[in-house]
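# Geometric and topological summary
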Amino acid sequence: MSSTSSATPEPAVLAPPATVAEAASRRRTFAIISHPDAGKTTLTEKLLLWGGAIHLAGDVKARGERRRARSDWMKIEQARGISVTTSVMTFDYGYNTFNLLDTPGHEDFSEDTYRTLTAVDSAIMVIDAAKGIEPQTRKLFEICRLRDVPIITFVNKMDREARDPFELLDQVADALALDTVPATWPAGMGRDFKGCYDLIENRMLMFDPGRGDRVGDVFACSGLDDPQLADHLPADRLDALREEAELARDGYPAMDAEAYLHGHLTPVFFGSALRNFGVREVLDGVARWAPPPRPQPATPHEIDPSDDKVTGFVFKVQANMDPKHRDRVAFMRLCSGKFRRGMKLKHPRSGKAMAVHNPIMFFAQDREIADTAWPGDIIGVPNHGTLRVGDALTEIDDLRFTGIPNFAPEILRRVRLDDPMKAKHLRRALDGLAEEGVTQVFRPNMGGNWIVGVVGPLQLDVLATRIENEYDIKVGFEAAPFETARWVTSDDTAELKAFEDKVRHATATDVDADVVFLARNGWELNRTQEEWPKLKFHATKERA
């Protein structure tokens, strides 16, 4: 018996949860990680299609007109065909509410991706079937490993020429030290790609390239020896599928939900995001295996999602999502309690209470007012510069979430202002972008030029573009006489002051007025550390 599934289902309608614990159990908050061009944005769009959140999926690069996936909304993203900022999309599917965080794929924006990964409970790793594990995939996976984030793997682009599936699985296992469990197995590749066999549910998922954005037939099987498979697959392809799938079942571990949750094992799905094939199985896998909201590290104690007190932390600040209103929205991950519109929450960094009157639920650039939100949800809090990355909003006194760092920049550049009359406006722009975490901004103790620090050169292009588009200021960047930066702290206040006075030409302050040492090279950094043993030089700084 065969069945055909539409790629545009009706949105799910869920009954309101009775308790905080029930609401949390429904949530699946996850990100998608990949190397650029592996198909992350396309997969994002198709997941939204299955969730009923959109009803038309356009190619990421459509012929005739360059339509963009809904999650890429900044002008520079649309122009370059890349994701350079994090966007959030919330949708219901089945019994669950999904919060999907689409992260930058380019390595120059890995710091933004890292902070986004502090706000998720699981991830989907997208791999290009022809290229396998690529450098940025490996970097992002290591970030996930630091937090034991469980990962589901999607091998994309099977409708093109690809590497041998066994080779791909073994590469994931060897390169990432991760057990692999094939959840589906491909029948061919490229022009000969016929579909996938579901090794867990014993179903055949037929691929029909002529159907465009609609999946092919799906039918239940009694096993790989089911005679009805011969009605759908050529004899040579069926023989190869049976042989390979049996080897995969025998040669790889069985699915172990606990091993997956601890980040030791990944179920692997094969498909084509562009053709919307295998995407629903990935979404079903997230619903079935991915964890609901997990406890969050904090001081003075860890926050459990079932706690009744509302808590949350800011992992992203985005200015000018609506350029007409010059808005500034803090992306906050709810960690516990039932959030209600209009409630007052404490802001521990300032010691003040903050009323959240117009909280936002996101769908990429679109938004709507959120009357309630639950653990795992991501809400936007409009503000005028009060909230920064790492801040907490909470009903608990003196709460601070941990594990949300700034990283020392790898590239330092002086800012050149074309119009000196706009110096005050430039300071406002740089302060705002520093609070977002887009860049590190340092004010030298000697000299009038601001210095910006970034991870990669593309960030400088984005920085200049945003300053011009959002603040109407033209800037350029020129080489700074420094190669690296370190935050400097000490228990000895007098020693820190003496250091600032002695090396005033090579010190600066950041947006929080913390002391930063700017070194010309690694040798100077090492020598300075030896000369000032009472000082600590930090490559990271905790956001709080």
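So, how was this worked out
- Residues numbered from 1 in each chain as written.
- Predicted model: local features only at pLDDT ≥ 70, side-chain atom pairs only at ≥ 80, totals over all residues.
- Heavy atoms only, no water.
- Buried < 20%, exposed > 50% of the residue type's maximum accessible area, 1.4 Å probe, protein only.
- Helix = DSSP H or I, 4+ residues; strand = E, 2+ residues; numbered from the N terminus.
- Pairing = 2+ DSSP bridges.
- Phe/Tyr/Trp six-rings, centres within 6.5 Å; stacked < 30°, edge-to-face > 60°.
- Arc of directions from axis to C-beta.
- Contact = heavy atoms within 4.5 Å.
- Salt bridge = Lys/Arg side-chain N within 4 Å of Asp/Glu carboxyl O.
- Polar contact = N/O pair within 3.5 Å; in protein donor to acceptor, adjacent residues only side chain to side chain.

### What to know about the pairing of strand E30 (residues 484–489)
Side-chain positions along a regular strand alternate between the two faces of the sheet. Within E30, five of the six residues are buried, which leaves the element mostly enclosed by the surrounding structure. Relative to strand E32 (residues 515–519), E30 runs antiparallel, the two being bridged by four bridges. Bridge pairing in E32 links Ala485 to Leu518. Sheet analysis places E30 next to strand E33 (residues 536–538), joined by three bridges and oriented antiparallel.

### Observations regarding the packing of aromatic side chains
The full count for this structure, using the stated rule, is 16 aromatic pairs. Considering the side-chain rings of Phe166 and Tyr252, the 6.4 Å spacing of their centres and the 15 degrees angle between planes classify their relative orientation as stacked. Within this pair, whereas Phe166 is found in helix H6 (residues 165–176), its partner Tyr252 is found in the loop between helix H7 (235–251) and helix H8 (257–261), the two being separated by 86 residues in sequence. Seen from their ring centres, Phe207 and Phe277 are 5.4 Å apart, and the 75 degrees between their planes marks the pair as edge-to-face. You can see Phe207 sitting in the loop between strand E10 (203–206) and strand E11 (217–220) and its partner Phe277 sitting in the loop between strand E12 (265–270) and helix H9 (279–289), a full 70 residues away along the chain. An aromatic cluster is defined as three or more aromatic residues linked by ring pairs; in this entry it consists of Phe30, Phe91, Tyr93 and Phe98.

### Points about the environment of Thr103
Tracing the chain through its elements places Thr103 in the loop between strand E4 (96–102) and helix H4 (110–117). Counting along the chain gives 63 residues from Thr103 to Lys40, while the straight-line C-alpha distance between them is 9.0 Å.

### A look at helix H13 (residues 522–531)
The set of residues buried in H13 consists of Glu524, Leu525 and Thr528. When H13 is viewed along its axis, its buried side chains cluster within an angular range of 100 degrees and face the same direction. Across from the buried face of H13, at angles greater than 90 degrees, the exposed residues are Trp523 and Glu530. Those residues of H13 that are buried are in contact with E30, helix H12 (493–502), E32 and E33.

### Considering unusual backbone geometry
With an omega dihedral of 10 degrees, the bond running from Thr299 to Pro300 counts as a cis peptide bond. By the secondary structure assignment, Pro300 is in the loop between strand E13 (298–299) and strand E14 (311–319). A positive phi is found at Asp148, a non-glycine position, where the angle reads about 55 degrees. Note on placement: Asp148 falls in the loop between helix H5 (135–146) and strand E6 (151–156). With a relative accessible area of 43%, Asp148 lands in the partly exposed category. We note that Asp472 has phi near 60 degrees; this positive angle belongs to a residue other than glycine. Counting through the fold element by element, Asp472 comes out in the loop between helix H11 (457–471) and strand E29 (475–479).

### Brief notes about the pattern of salt bridges
Evaluation of the coordinates by the stated rule reveals 22 salt bridges. In this structure, the salt-bridge partner of Arg26 is Glu22, at a minimum N-O distance of 3.0 Å. Of this pair, Arg26 and Glu22 are both found in helix H1 (residues 20–26), four residues apart, which corresponds to roughly one turn of the helix. A relative accessible area of 6% places Arg26 in the buried class. Judged by relative accessible area, which is 23%, Glu22 ranks as partly exposed.

### Let's talk about the environment of Asp304
Residue placement: Asp304 occurs in the loop between E13 and E14. Given a relative accessible area of 32%, Asp304 falls into the partly exposed group. In the structure, Asp304 is positioned 33 residues away from Gly337 in sequence and 9.3 Å away in space, judged by C-alpha atoms. Excluding residues within four positions of it along the chain, Asp304 makes contact with Pro295, Cys335 and Ser336.

### Description of the side chain of Thr528
Among the secondary structure elements, Thr528 is positioned in helix H13. For Thr528, the side chain forms a polar contact with the main-chain oxygen of Glu524, separated by 2.8 Å. Residue contacts for Thr528: discarding those within four places in its chain leaves Phe499, Phe517 and Phe537.

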